[in-house]
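Next come the chains, spelled out residue by residue.
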Amino acid sequence: MKRKIIITSDGSSSILMEDMDETYHSVHGAVQEANHVYLKEGLHQISKRQFSILEMGFGTGLNTLLTALEAEKLQLSIQYHAVEGFPLTAEEIQLLNYPVQLDDPNAIRDFTRIHQTDWEVEMPINSCFSLKKVRSLFEELQLLPQSYDLIYFDAFGYPYQPELWSEEIFIKMYESLKPNGILVTYACRGAIKQNMRAAGFKVERLAGPPGKRQMIRAHKISKETALNS
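Below is a summary of the structure that appears in this document. It should be emphasised that the depicted structure is a prediction, and the values quoted were computed from it without experimental measurement.

Looking at the element boundaries, Asn195 is found in helix H7 (residues 190–199). Its relative accessible area of 18% is what places Asn195 among the buried residues. Among the polar contacts made by the side chain of Asn195, one reaches the main-chain carbonyl oxygen of Trp165 at a distance of 3.0 Å. Residues in contact with Asn195, not counting those within four places in the same chain, are Trp165, Ser166, Glu167 and Phe170.

Within this structure, the stated rule accounts for seven salt bridges. A salt bridge links Arg3 to Glu92; the shortest N-O distance between them is 3.0 Å. Linking Arg3 in strand S1 (residues 3–7) with Glu92 in helix H3 (residues 90–94), this pair joins segments that are 89 residues apart in sequence. The partner of Glu204 in a salt bridge is Arg217, and the shortest N-O contact between them spans 3.2 Å. With Glu204 in strand S10 (residues 201–207) and Arg217 in strand S11 (residues 214–220), this residue pair connects regions lying 13 residues apart in the sequence. Judged by relative accessible area, which is 27%, Glu204 ranks as partly exposed. By relative accessible area, which is 8% here, Arg217 ends up buried.

Roughly 740 Å³ of volume is contained in the largest pocket. Lining the largest pocket are 40 residues, and of these Glu22, Ala155, Phe156, Gly157 and Tyr186 sit closest to its centre. Listed by contribution, the elements that provide at least two residues to the lining of the largest pocket are strand S3 (22–23) and helix H2 (62–74). Looking at the lining of the largest pocket, its residues break down into 18 nonpolar, 13 polar and nine charged.

A few words now on the environment of Glu33. Tracing the sequence through the fold places Glu33 in helix H1 (residues 30–40). It is 21 Å that separates the C-alpha atoms of Glu33 and His219, two residues lying 186 residues apart in sequence. Setting aside residues no more than four positions away along its own chain, Glu33 makes contact with His25, Ser26, Tyr38, Tyr186 and Pro209.

Bridge count between strand S8 (residues 148–153) and strand S9 (residues 177–185): five bridges; the pairing is parallel. Of the residues in S9, the one forming a bridge with Ile151 is Leu183. For the crossover that starts at S8, traverses helix H6 (residues 167–176) and ends in the parallel S9, the hand is right-handed. Of the pairings in the sheet, the one linking S9 to S11 comprises four bridges and is antiparallel in character. Counted as the bridge partner of Thr185 is Ile216 from S11.

The next subject is the packing of H2 against helix H5 (residues 107–116). One can describe the packing of H2 onto H5 by two numbers: an axis separation of 10 Å at closest approach and a directional angle of 130°. As judged from the angle between their axes, H2 and H5 are oblique. Of the two possible hands of crossing, H2 and H5 adopt the one that is right-handed. Of H5, the residues touching H2 (which contributes Thr64, Leu65, Ala68, Leu69 and Glu72) are Ala107, Arg109, Asp110, Phe111 and Ile114. Of the residues contributing to the contact of H2 with H5, the split by class is six nonpolar, one polar and three charged.

Each value, and the rule that gives it
Residues numbered from 1 in each chain as written. Predicted model: local features only at pLDDT ≥ 70, side-chain atom pairs only at ≥ 80, totals over all residues. Heavy atoms only, no water. Helix = DSSP H or I, 4+ residues; strand = E, 2+ residues; numbered from the N terminus. Buried < 20%, exposed > 50% of the residue type's maximum accessible area, 1.4 Å probe, protein only. Polar contact = N/O pair within 3.5 Å; in protein donor to acceptor, adjacent residues only side chain to side chain. Contact = heavy atoms within 4.5 Å. Salt bridge = Lys/Arg side-chain N within 4 Å of Asp/Glu carboxyl O. 1 Å grid on protein atoms, 1.4 Å probe; cavity = no way out; pocket = protein on both sides within 12 Å on 5 of 7 lines; lining within 4 Å. Points joined across faces, edges and corners; volume = space filled by probe spheres on them. Nonpolar A, V, L, I, M, F, W, Y, C, P; charged D, E, K, R; others polar. Pairing = 2+ DSSP bridges. Right-handed = clockwise from strand over helix to strand, strands pointing away. Axes fitted to C-alpha atoms, helices over the stretch in contact; angles between N-to-C directions. Parallel < 35°, antiparallel > 145°, perpendicular 65-115°, else oblique. Left-handed = near helix turned anticlockwise from the far one by under 90°.

Structure (structure tokens):
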């Protein structure tokens, strides 16, 4: 995989997969996208003060970093598991500009801890946020049932890796969610919605981040209700 660090329109870093011509984040703004999709329409929809999150697609660690900072800001207690099949190198991590791009005095501290934490070990990042990074392909990942309140689904786009957006993958995530859990993703393609519904989710279309018309928030309900929604 040939990867190149780029700067998106809001000034924040992302990565371009040169072989696929696909980016890790929206070129219209990596931080803008992450804040809109995963915090505004995901994290902020959870009414609990203590809950668990699964991130499918750790990537640059941006979603993890923003969530850790928000947990401390709002005094939430979050257990966070992040899955990644192809981790960045230390050299690539050093080129990411999130610690200086974000207007938060704790960004450098948390960014450093997130990326220095060993894989497969649960560790505190700050007083409100613990992280376990899991190195695995989505297809091979084993998840415990009813373990998470919220899932961030941040895989590469459907045209590039449609197998990651399959009914089988969504069934795995549906089963790992607690009752009334939710999943949020930047995508909103018809085939994705169909596979989500087949897995049991009720699919909600929402306004997307800058540069994208729509996104999805999916709710864990009975499969019969999802198919009729």
